[in-house]
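# Inside the fold
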Amino acid sequence: MGFVSLFSLSCSNNSSKEINRGVYFWKTNFSLSTEESRWLKETEIQKLYVRLFDVDWNPNINAAVPVGDAIIETKKIVGVEIIPVIFITNRTLTNLPDSLITELSNNIYKKIVAKLDLFENQTTKEIQLDCDWTETTRARYFELIDQIKKLSSKKNIEITATIRLHQVKFFSKTGVPPLKRGMLMFYNMSDVSDIRTKNSIFDKDIAKSYLVNFDKYPLELDVVLPAFSWSCWFRNGKLKNLINGVGVKDLEVSSSFVKEDKNIFRAIKECSLKGNYILSGDYLRTEEIDFNTTLGAAELIAPHIKNKKINISIYHFNGEVIKNYGKDQFKDIIDCFN
């Protein structure tokens, strides 16, 4: 019996839960190919979480500004609900005066509505805010949420927020957003900038240490699981960049690197890698997630999610996902939550 089959047996499908399938789209250019549209249909994806823009603090003009505006090229999508996601940097909230919270919430909401108007035949039911807030910024963030909730209620749009693992484990300190639902990010659970980290995207042992307080957490939780990979590039022990699309196999065949551990590579000569100029002595740590890892993550978190209605998603939509996460694989993931 194979590895996948063992996982599948440990996930049951005997309950009457209502489970929706979703995927996150995190590129700056929202354009779906025929193959991508076919994949959405075949895997029965119901929700497409699309990052529309980020909000960051610009110190030069002392103001919160939109950055990384998504270009909407594919305007018509049939049978899939578009859910806009807005990422707000914590430094925006650190610098934002209380007197400007209302103005910022108005600006964010207006921009979301304008971007959504570019899509054809879409009725927006949800807007998701993504922010890794802290104890010192939570009051401003929660006030911002309240303000956006008031604006969206006129169109019966629900506001949800991403929730990180530490925000569940330490919710009495970090606080709980004034919402009904949150999207638990079941990945990025250790420090990506620490050169000693094994895999910052998903580490089963670290994940287990966070699986507390779910029975006390007051929000209903949806779950987004990891389905992405990257390489972490270090120089003099400090993280320089995250390089997408570079894995173990790519570095093993390169004459510019030597393998020092199963996912650690040292550059032995200068080279260019996906537009990054690597110097001799730099290190790359590959962090790769395959389907079995995603399924293992689903199996681990599923017993802690008690609500009957759940949205289960993967992050994020790319060629590797299309190749490795088909209809059967998605069913195996969903069955863990039934």
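Look a little higher up for the structure.
Presented here is an overview of the structure given in this document. For clarity, every value in this text was computed on a predicted model and none was experimentally measured. (Residues numbered from 1 in each chain as written. Predicted model: local features only at pLDDT ≥ 70, side-chain atom pairs only at ≥ 80, totals over all residues. Heavy atoms only, no water.)

## A look at the pairing of strand 3 (residues 47-58)
- With respect to burial, strand 3 is a largely interior element, 11 of its 12 residues being buried.
- As paired strands, strand 1 (residues 18-25) and strand 3 are joined by 4 bridges and run parallel to one another. Residue pairing across strands places Y24 opposite Y49, the latter belonging to strand 3.
- The pairing of strand 3 with strand 4 (residues 63-67) spans 5 bridges and is antiparallel. Bridging across to strand 4, D56 finds its partner in V65. (Buried < 20%, exposed > 50% of the residue type's maximum accessible area, 1.4 Å probe, protein only. Helix = DSSP H or I, 4+ residues; strand = E, 2+ residues; numbered from the N terminus. Pairing = 2+ DSSP bridges.)

## Considerations on the packing of helix 4 (residues 101-116) against helix 5 (residues 138-153)
- At their nearest, the axes of helix 4 and helix 5 sit 9 Å apart, and the two run at 50° to each other. As summarised for this structure, helix 4 and helix 5 are arranged oblique, according to the angle between their axes. The two elements helix 4 and helix 5 meet at a crossing, and its hand is right-handed. Along the contact surface, helix 4 presents I101, T102, L104, S105, N106, I108 and Y109, while helix 5 presents R140, E143, L144, Q147, I148, L151 and S152.
- Classifying every residue of the contact of helix 4 with helix 5 by side-chain character gives 7 nonpolar, 5 polar and 2 charged. (Axes fitted to C-alpha atoms, helices over the stretch in contact; angles between N-to-C directions. Parallel < 35°, antiparallel > 145°, perpendicular 65-115°, else oblique. Left-handed = near helix turned anticlockwise from the far one by under 90°. Contact = heavy atoms within 4.5 Å. Nonpolar A, V, L, I, M, F, W, Y, C, P; charged D, E, K, R; others polar.)

## Some points on the nonpolar core
- Residues W39, L48, Y141, F186, L225 and F337 are the most contacted members of the largest nonpolar core, which totals 98 residues.
- Setting aside residues up to four positions removed in sequence, W39 forms contacts with V23, I45, I314, F317, V321, I322, Y325, G326 and F330.
- In terms of nonpolar packing, the next biggest core, distinct from the first, is built from 12 residues, W233, V248, L273 and L284 among them. (Core = buried A, V, L, I, M, F, W, Y, C linked by side-chain atoms within 4.5 Å.)

## Points about the packing of aromatic side chains
- Across all of its chains, the model carries 19 aromatic pairs by this definition.
- For the ring pair Y24 and Y49, a centre distance of 4.5 Å and an interplane angle of 10° mean the geometry is stacked. In this pair, Y24 sits in strand 1 while Y49 sits in strand 3, placing the two residues 25 residues apart along the sequence.
- For Y49, a relative accessible area of 0% translates into the label buried.
- Centroid distance F25 to F30: 4.8 Å. Interplanar angle 70°. Geometry classified as edge-to-face. In this structure, F25 and F30 share a single accessibility class: buried.
- Over the face of the ring belonging to Y210 we find K169, whose NZ or CZ atom lies 5.2 Å from the ring centre. (Phe/Tyr/Trp six-rings, centres within 6.5 Å; stacked < 30°, edge-to-face > 60°. Lys NZ or Arg CZ within 6 Å of the ring centre and 35° of its normal.)

## Points about the sheet that holds strand 13 (residues 257-261)
- Spatial strand order, 12-11-17-14-13: 5 strands in an open sheet with antiparallel pairing. Of all the strands in the sheet, just strand 12 (238-244) and strand 13 have a single pairing partner and so form its edges. Strand after strand, the sheet turns through a mean of 30° between neighbouring axes, direction not considered.
- Of the pairings in the sheet, the one linking strand 11 (residues 230-235) to strand 12 comprises 6 bridges and is antiparallel in character. In the strand pairing of strand 12, W230 is matched with N244.

## Points about the environment of K309
- Relative to the helices and strands, K309 is located in strand 18 (residues 309-315).
- It is 5.9 Å that separates the C-alpha atoms of K309 and I19, two residues lying 290 residues apart in sequence.
- The contact partners of K309, leaving out residues within four places of it in the chain, are E18, N20, R181 and D222.

## Focus on unusual backbone geometry
- With an omega dihedral of 5°, the bond running from Y315 to H316 counts as a cis peptide bond.
- Phi at N188 is positive, roughly 50°, even though this residue is not glycine.
- Looking at where N188 falls in the secondary structure, it is placed in the loop between strand 9 (181-185) and helix 8 (204-209).
- One non-glycine residue, N236, lies in the positive phi region at around 55°.
- Its location among the elements puts N236 in the loop between strand 11 and strand 12.

## Describing the side chain of H316
- Looking at the element boundaries, H316 is found in the loop between strand 18 and helix 11 (319-324).
- By relative accessible area, H316 is classed as buried at 15%.
- Residues in contact with H316, not counting those within four places in the same chain, are V23, Y24, W26, A227, F228 and V321.

## Thoughts on the packing of helix 10 (residues 291-301) against helix 12 (residues 327-335)
- Interaxial distance between helix 10 and helix 12 falls to 8 Å at its minimum, and their mutual angle equals 20°. The angle between helix 10 and helix 12 places the two elements in the roughly parallel class. Of the two elements, helix 10 crosses helix 12, and the hand of that crossing is right-handed. Counting all contacts with helix 10, which are made through F291, T294, L295 and A298, the residues of helix 12 involved are Q329, D332 and I333.
- Along the lines of polarity and charge, the residues of the contact of helix 10 with helix 12 split into 4 nonpolar, 2 polar and 1 charged.

Note that all results are geometric; they support no functional claim without further evidence.
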